[in-house]
Amino acid sequence: MYFIINLNKNYLIVGRFFVIKFFHMKTAYRSLFIILHVLGIIAGLCITFTTQDPVMDKLIVSILILLTLNLLRLSQQHQ
């Protein structure tokens, strides 16, 4: 009986370990995505100000709008 109870405690410890690791990994992915969105917005603004093609300019502006909306969604999600 003691072995079964001890085994359950070990499962609980291992389960908590993986939950904590998953939480840290999820936070790391979220911060990585936020950084990539900010870099994409900065690159898109640089490309927008330097291009002369109106079609390409509208394409980049639409991509910038999508990136900005997605960045707002990422920043408003709770952890």
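Residues numbered from 1 in each chain as written. Predicted model: local features only at pLDDT ≥ 70, side-chain atom pairs only at ≥ 80, totals over all residues. Heavy atoms only, no water.

## A few points about the overall build of the protein chain
- Across its full length, the protein chain carries two helices and zero strands.
- Residue burial in the protein chain is summarised as follows: out of 79 residues, 10% are buried.
- Entry remark: accessible area of the protein chain is about 6,800 Å², with carbon and sulfur atoms responsible for 76%. (Helix = DSSP H or I, 4+ residues; strand = E, 2+ residues; numbered from the N terminus. Buried < 20%, exposed > 50% of the residue type's maximum accessible area, 1.4 Å probe, protein only. Areas by Shrake-Rupley, 256 points an atom, 1.4 Å probe, with all protein chains shown as cover.)

## Comments concerning the side chain of His37
- For His37, the location among the structural elements is in helix α1 (residues 2–50).
- Those residues in contact with His37 that lie beyond four places of it in its chain are Leu67, Asn70, Leu71 and Leu74. (Contact = heavy atoms within 4.5 Å.)

## Some thoughts on the side chain of Thr48
- Tracing the backbone shows Thr48 in helix α1.
- For Thr48, the residues in contact, after removing those within four places along its chain, are Asp57, Ile60, Val61 and Leu64.

## Some details on the environment of Leu45
- Position of Leu45 relative to the elements: it lies in helix α1.
- Sequence separation between Leu45 and Asp57 is 12 residues, and the spatial gap between their C-alpha atoms is 9.9 Å.

## Quick notes on helix α2 (residues 54–76)
- Between the first and last C-alpha of α2 there are 33 Å, a value that for 23 residues agrees with the 33 Å anticipated at 1.5 Å per step.
- Those residues of α2 lying buried are Ile60, Leu64, Leu71 and Leu74. (Expected span 1.5 Å × (residues − 1).)

Keep in mind these values describe shape, not function.
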